[in-house]
Amino acid sequence: MDPSVIGARLGTAALQPLVRKLLVADGPGAGVVERPVRLTGWLSFRGEKKRLSEKDLHKLASELVRRAVEPLPSSDRPAPDETASTAHALAFTLHALGDLDMDDVQAVELGEDKLARCLKEKVPASIFLFLSQDAVVLHDAVLRVACRHILHFFTQRSAFVARTLVEQTRRQGLIRSDMSTLLDRVPGVGSRDADFEARYAQQLIRRHSELTIYGLDLRHAREWQLDTAYISLETETRQGPAVPVPTERILAGRDRVLLRGLAGSGKTTLLQWLAVSTAREKLPDELGALRGRIPFVLPLRTLARGTLPRPAEFLSAVGFPLTEPAGWAERVLTAGRGLLLVDGVDEVPHDMREAARQWLHQLIASFPERNLWLVTTRPSAVQDDWLQTDTFEELSLMPMTEEDIAAFIRRWHAAARAGDEPAQALLTAVRTKPDLGHLAVNPLMCGLLCALHRERHGFLPEDRKELYDAALAMLLERRDLERGMHRPGDLRIGKEPQIALLQRIAHWMVRNDRSEMGRDDAHAVLAEHLPSMTHLNADAESVLRHLLDRSGVLRQPTADTVDFIHRTFQDYLAAKAIVEARDFPWLENNADNSQWEDVIRMAVAHGRPDERARILRGLVPVLGDTLPHEETSPGRPQLRFQRSRTSAATKPTRGRRLPLRRVLLARSCLDHAPEVDSVLQESIMLLTRDLLPPGNPGAARRLAEYGGANVIAMLPGPDHLDEDQAEACVITATRLASNAAIAYLTGFRTHPSLAVRRQLAWSWHRFDCSAYADEIISHLPEDNELYFTAASTEHLRALRAMGGRARIQILGTHHPGDLASHLSAERLTHLWLREGYTTVFRSMNWLARFPHLHTLVLPKPPHPLDAHTIPDSVQVVFAHRDDPEPLEP
């Protein structure tokens, strides 16, 4: 049923007299009263003037629907049962008029569409579960016409007009009051302030509407537009339960905020965006608190070079090129019109931070009225509640989500005019390569990846070590140098000494099986190592504070602990320290601990050829002419080695078993080694020859379990695989459930094997719903045997958005209303209720909504079922739980 046809042909004139029966013609409110009359005072089926019973209301609703459909062509008229269902739902919706907490004036202000939506929201959702889409369209159309006549009835009454005039008078008074408040923010010292503020806003926009990307080895321009660069991130509250707050609403309902965020997390960008948005005076509702304000961007690293400024010195202290009228800044702050954006407490020397806090305290005490304050810092730079005495609320910037990362990469490439293709290539790399995904935690690191990707013409370092070297060089050295952070007398530690110090901390964490360490322990580790660094004249406390404040790699999550901004940096640095200390026995002893596999891979990357060989030989007994044969044992998959028939160079080693995990770890280490002895490399490849591709489902599952995420990079593509091998590879990948797995599986989505495509369809529930739907499900060709498996309502919605599918298998128990609403009535021919239908499915009346359904598969033995409720056209098939198809292999 076409909604436009309903709207055009609806017999509104025929409905008007019926709608009037809902209302009391001589109800209360004949004169100008102090308050408008509540809706319940007008209703003929509620209150003291009740004339219609609920039965009468249902009859009235039925007549409304009947008269509504009479003018429609026969092809557009609903079936009789749909008309009855629509009338039933409409009666409940009209009855909800008495539940609205509003008066007639407010109802008229809403308008017919919003009033109709309000009524529908008051009705239990179950009323609409069994309505067809056409019935819902008809219900909504009749409801809107009824609401139109109800509101028209109110506006025709003289009492309503009088009350509306009274209400308008009240509101005009409120508007005048609000205008007075706004005018209080307007300068009262003549036109000079207004003229200056206009010029100041334009200069502020020019100054802060571009970003500079620091620390990147680029020949290209490093400036890009703020509008393109800015993405909305989320913060979370630190007091009480963590509550997510979008950055646009960070000052909504908050006058004073201390925002904590790691290096490169977007703190400065956020302040620039707030300043530019305010200066442009084009603010969305989320930024309503900034209307009429004057932004002051105050980077503390610049201000702290001298005496912290008074308001009259704000602009000159940051090198602003305009001369303000005398007393202008004080007038702005006195009127409560200021937006003070104070950036980088961590960039103030440690011995000046208390002075900075006192400076803020004195400014707030001098200008306490209605100004907004946003101060930023790295998490470890100041203690918790640093500004508590001035009632600052503390928030923390959260890491970027996958959606944030994708948005950033696209915008970066748009700003660099690099095109969509490189952006998509990088996005695919970030999603499929764990190392890149781990690095892309904030805008700074995303910018690094974008720049490296462009500089290398789309080829990021395959060498993981090179990638981390570039990231550390930016974080530890180049960024602060280019930003002009270093001043005479400051403690300066070069990149290599910082790496050496951070290695010791990371090594301690790994050796002690920790992902964080006490601050006292970190202090002791540095104090032990500093005497060997004769060129560094600083005590352990100063060095630790420098690493926490300036390195961008180490952080202080609590007052008593330190850790790395991401585990990947800890593993990378610890591996370097282990190799330099020749701590190879520790690597061998911990090779079975999956927690430290990444450390072992990075140790291979850091080692020299002889050191790599030692590490690899510690993982597996390399026998040049042996071939592995998989055996099973109760606790752990292992390999038994037998002598090759083609070589007699080495004596056979019988009965010796090797854990599968170590074999796979050694194989993955080869991907991180720039150079490995060819014989050693061939021997390790030989060990995994019978494992890749896996030969059967059992081997595929064990490969996923013991190989982990790195197995994806080892799996062969669909070419040159037989059907069994292809199915086994897909089983392995679907059990790893990562973005890299999705990228790998795209090669199999049109595979000719039904078993392969069944595995893909079945495994949807293991992945992000929308990503897997876009990349896999939507590309699976339908045939006469493939069932699409839906485990949640989200899956059902996604299938409906794709146009529906003919064969659908349902995992889990769903309310029949969800199935009736989200399955495609026009497409569904086969429905398999995989997990059972419990008592809620005893009645199958809802199946009548699917005219083309002819096969219903239910588990066996069946639950109690009213077979008479199943349409005669539907054949019921009972399947045993262990039936192999279309279940997971």
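An account of the accompanying structure is given in this report. (Residues numbered from 1 in each chain as written. Predicted model: local features only at pLDDT ≥ 70, side-chain atom pairs only at ≥ 80, totals over all residues. Heavy atoms only, no water.)

Moving on: the overall build of the chain. When helices and strands are tallied, the chain shows 36 helices and 20 strands. Taken over 889 residues, the chain has a buried fraction of 51%. Across the chain, the fraction of contacts at a sequence separation of at least 24, relative to all contacts at a separation of at least 6, is 68%. With the model as given, the accessible surface of the chain reaches about 40500 Å², and the carbon-plus-sulfur share is 49%. (Helix = DSSP H or I, 4+ residues; strand = E, 2+ residues; numbered from the N terminus. Buried < 20%, exposed > 50% of the residue type's maximum accessible area, 1.4 Å probe, protein only. Contact = heavy atoms within 4.5 Å. Areas by Shrake-Rupley, 256 points an atom, 1.4 Å probe, with all protein chains shown as cover.)

A cluster of acidic residues, E402, E403, D768, D774, E775 and E794, forms a negative patch at the surface. Residue assignment for the negative patch shows that the elements contributing at least two residues are helix 16 (402-415) and helix 34 (769-775). (Patch = residues over 30% accessible without salt bridge, like charges linked within 9 Å, V, L, I, M, F, W, Y side chains within 5 Å. Salt bridge = Lys/Arg side-chain N within 4 Å of Asp/Glu carboxyl O. Lys, Arg positive; Asp, Glu negative; His and termini not counted. Charge placed at Lys NZ, Arg CZ, Asp CG, Glu CD.)

The strands making up a sheet associate through hydrogen bonds between their backbones, and the pairing can be parallel or antiparallel. Taken together, three strands build an open sheet; the order of strands is 10-12-11 and the sheet is antiparallel. In the strand order of this sheet, the two ends are held by strand 10 (517-518) and strand 11 (554-558), each with one partner. Pairing between strand 11 and strand 12 (residues 561-564): three bridges, direction antiparallel. Bridging across to strand 12, L554 finds its partner in F564. Across the sheet, helix 23 (residues 540-550) lies against strand 11 and strand 12, angled at about 90° from strand 11, the strand it touches most. (Pairing = 2+ DSSP bridges. Axes fitted to C-alpha atoms, helices over the stretch in contact; angles between N-to-C directions.)

Under the criterion given, the structure shown has 11 aromatic pairs. A network of ring pairs unites the aromatic residues F196, Y200, F296, F314, F320, W328 and W359 as a single cluster. When the ring centre of F128 is taken as origin, the NZ or CZ atom of K120, which lies over that ring, is 5.1 Å away. Lying over the aromatic face of F788, R805 brings its terminal NZ or CZ to 5.0 Å of the ring centre. (Phe/Tyr/Trp six-rings, centres within 6.5 Å; stacked < 30°, edge-to-face > 60°. Lys NZ or Arg CZ within 6 Å of the ring centre and 35° of its normal.)

Taken across its five residues, strand 9 (residues 393-397) has four buried, putting it largely inside the fold. Relative to strand 9, strand 3 (residues 234-237) is paired through three bridges, and the arrangement is antiparallel. Following the sheet pairing, E236 is matched in strand 9 by S396.

Below, the discussion takes up unusual backbone geometry. Look at T391: it is not a glycine, yet its phi comes out positive at around 55°. By the secondary structure assignment, T391 is in the loop between strand 8 (372-377) and strand 9. When its relative accessible area of 58% is taken as the criterion, T391 is described as exposed.

The buried count for helix 23 comes to eight of 11 residues, which makes it a mostly enclosed element. What helix 23 keeps buried is the set A540, V543, L544, H546, L547, L548, D549 and R550. In this structure D539 caps helix 23, since a side-chain oxygen of it lies 3.1 Å from the backbone nitrogen of E541. Positive backbone phi, approximately 75°, marks G552, located one or two places after helix 23. (Polar contact = N/O pair within 3.5 Å; in protein donor to acceptor, adjacent residues only side chain to side chain.)

Everything listed here is a matter of coordinates, which is why it stays silent on function.
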